[in-house]
Amino acid sequence: MMQMTGADLIVKLLERQGIRTIAGVPGGAALPMYDALTRSEHIHHVLCRHEQGAGFIAQGMSRVSGQPEVCLASSGPGATNLVTAIADARLDSIPMIALTGQVPLSMIGTDAFQEVDIYGMTIPITKHNFLVRSAKELLDVIPAAFRIAMSDRPGPVLVDVPKDVQNQLVSFDEFPEVVTPDPAPTIDLALIEEAARMIEAAEQPVLYLGGGVIHSGAAHMAVTLAEQASLPTTMTLMALGAMPMDHPLSLGMLGMHGARYTNYALEEADLLICVGARFDDRAIGKASEFCPNAKIIHIDIDPSELHKIKTAHVAIAGDVGQVLTELLPRVKPKLRKRWLSHVESLKSRFPLAMPGLDNPRAPYGLIQAVANCLDDNAIITSDVGQHQMWVAQAYPFRRSRQWLNSGGLGTMGFGFPAAIGAALAAPDRTVVCFSGDGSLQMNIQEMATAAQEGVNVKIVLMNNQSLGLVHQQQSMFYGKRIMASRYQKGVDFLRIAEGFGMRAVDLDLAPNPRAALAEALNTPGPCLIHATIDPQEFVYPMVPPGAANSEMIG
């Protein structure tokens, strides 16, 4: 018979589940868990400067490892500060465990100091959540949280633990088994056969890959399917890297800021094979006019996504990897010379314009200059805005889990803490975060965390002294009435970075910006790389909000 406190039991269960790093901020209601961490020989705690940063650091670790990672916060404001990161994980299907302290059970509902109903508050944005009422429940709850987070469609799980439960002694005979994901749902082979027949009969098919391909580890099978059946392949923002961007069949990203030729090819498709994507509005534009001539095969682990936005002719609920394993042997090799030739002509007639490609101080040129200094082992994160779209268009992603960004929620402030998490999960890799001045200020305090941990993270700051994408939309769709999207007073980011203990490099002043960039990227440790960008630099093409993808501007 073993006996320990609930807090010690939580730490032991996390260790057994393979957790080696936790990001968090301590507070009164979480102190028993923090005290238990002092007795752990396996878990490294990363002290963040804001709980939202902790949530995104956990996400960054998870997006690299593919496994559930953990963030920790106290009750009240500590817990509510995690909410944005939890919602972000939910929309992007990221497995994450959020542990929160709570006021003692007897004080719940009394408006006690730092009490909020984080359990009720997070029901809509978690895959599942728990309010633990006895230490003995932890033997079931902690393993269940991991199993739920990583099974089927991944997502975040919150475990709220009152302080007295953390201090309560619990006796038990043995630890529960280490959990693994639940088996994927059984696949309907008749639907697989029908999908294979549709692919065989199609003359102008397009393969459409989403983040589910990354989550299932099935990118290589998706590329094999494309090559086997001569399928031009487009990717959502979340799927970039599933097929190398320079692959002959790659159409790159579709949607609001996709290349014109990509959206035009989709408009002419007679079959759309949608794998692990959910027909997000930023990807498909006006739903009724997306792929108007195409039959649809939709493959997704989440049955609720099937027929939700677009009605599929064949809808297959199942793990993407398992479905492709069954589908590949049934798809006959076929060379579609006429269709591939036509797609190549679309690329020639409607290329993705990338002005300033030779200028390392212009957006596209800066991105290419960074890429030229790195290999495919590098991990690229981004914040949200124009810089995110420029990177999605121009960076030569060639592997899964190389590109980490906030797709569904579009969270400014995501990129930098996620980069810290990525560097903690993969310390042998260089991590580059492309950010804007607006996004970076959302979680700029985590510069102290980066310096403290000594992570090999480089921030490439595209500073246009504005909320660039807001400024662009106001310029294009609101009669150039600029309201609250231009910063009236500049920020000295270089001095701020140095004040937090980070190295800083200003490309504006560098006599040879390419050499300065290469030196900064190849010097270990955290560094801010600053470049001023003209606020009139817009990201094109752009589909007006609510319009069809065929109505691109630029």
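Residues numbered from 1 in each chain as written. Predicted model: local features only at pLDDT ≥ 70, side-chain atom pairs only at ≥ 80, totals over all residues. Heavy atoms only, no water.

A.B. asks: Please clarify how the side chain of Ser 382 should be interpreted in this entry.
C.D. replies: With respect to the secondary-structure elements, Ser 382 resides in strand β15 (residues 379-382). Judged by its relative accessible area of 0%, Ser 382 falls in the buried class. If we skip the residues at most four places from it in the chain, Ser 382 touches Gln 388, Trp 403, Leu 404, Asn 405, Phe 414, Gly 415 and Phe 434. (Helix = DSSP H or I, 4+ residues; strand = E, 2+ residues; numbered from the N terminus. Buried < 20%, exposed > 50% of the residue type's maximum accessible area, 1.4 Å probe, protein only. Contact = heavy atoms within 4.5 Å.)

A.B. asks: Quick question: what am I supposed to make of the pattern of salt bridges here?
C.D. replies: Pairs can form between side chains of opposite charge whenever their charged atoms are close. Under the criterion given, the structure shown has 18 salt bridges. Put simply, Arg 39 and Asp 35 hold a salt bridge, and the shortest N to O gap is 3.2 Å. With a relative accessible area of 40%, Asp 35 lands in the partly exposed category. When the shortest N-O distance is used, the salt bridge between Arg 197 and Glu 194 registers 2.8 Å. Residue Arg 197 and its partner Glu 194 are both found in helix α9 (residues 189-201); the two are separated by 3 residues, about one turn of the helix. According to the relative accessible area criterion, Glu 194 is partly exposed, its value standing at 30%. (Salt bridge = Lys/Arg side-chain N within 4 Å of Asp/Glu carboxyl O.)

A.B. asks: Explain the pairing of strand β9 (residues 205-209) to me, please; I cannot follow it from the model alone.
C.D. replies: Judged by how many residues are buried, β9 sits mostly within the fold: 5 of 5 residues are covered. Of the two faces of β9, the one carrying Pro 205, Leu 207 and Leu 209 and the one carrying Val 206 and Tyr 208 are both buried. Pairing between β9 and strand β12 (residues 271-275): 5 bridges, direction parallel. Looking across to β12, one finds that Leu 207 is bridged to Ile 273. Here β9 pairs with strand β10 (residues 233-235) via 3 bridges, running parallel. Following the sheet pairing, Leu 207 is matched in β10 by Thr 233. (Pairing = 2+ DSSP bridges.)

A.B. asks: What should I look at first to understand the side chain of Gln 59 in this one?
C.D. replies: Topologically, Gln 59 is positioned in helix α3 (residues 51-65). A polar contact of 3.1 Å, which involves the side chain of Gln 59, links it to the side chain of Asp 88. (Polar contact = N/O pair within 3.5 Å; in protein donor to acceptor, adjacent residues only side chain to side chain.)

A.B. asks: Is there a simple way to think about helix α1 (residues 6-16) in this case?
C.D. replies: Think of an α-helix as 3.6 residues a turn; residues three or four steps apart then line up on the same face. In terms of burial, α1 is largely enclosed, as 9 of its 11 residues are buried. Taken together, the buried positions of α1 are occupied by Gly 6, Ala 7, Asp 8, Leu 9, Ile 10, Val 11, Leu 13, Leu 14 and Glu 15. At the exit of α1 stands Gly 18, carrying a positive phi of roughly 95 degrees.

A.B. asks: Sorry if this is basic, but what is going on with the sheet that holds strand β18 (residues 457-463) here?
C.D. replies: Two pairing modes exist for strands in a sheet, parallel and antiparallel, and in both the strands are linked by backbone hydrogen bonds. Taken together, the 6 strands give an open sheet; going across it, the order is β16-β15-β17-β18-β20-β19, and neighbouring strands pair in parallel fashion. Each having just a single partner strand, β16 (403-404) and β19 (503-506) make up the two edges of the open sheet. Looking at chain direction, strand β17 (residues 431-436) and β18 are connected through 6 bridges and run parallel. Bridge assignment links Val 431 to a residue of β18, and that residue is Val 457. Strand contacts of helix α17 (residues 386-394): β15, β16, β17 and β18, with the helix running at about 135 degrees to β17, the strand carrying the most contacts. Running at roughly 175 degrees to β17, helix α18 (residues 415-425) makes contact with β15, β16, β17 and β18 of the sheet. (Axes fitted to C-alpha atoms, helices over the stretch in contact; angles between N-to-C directions.)

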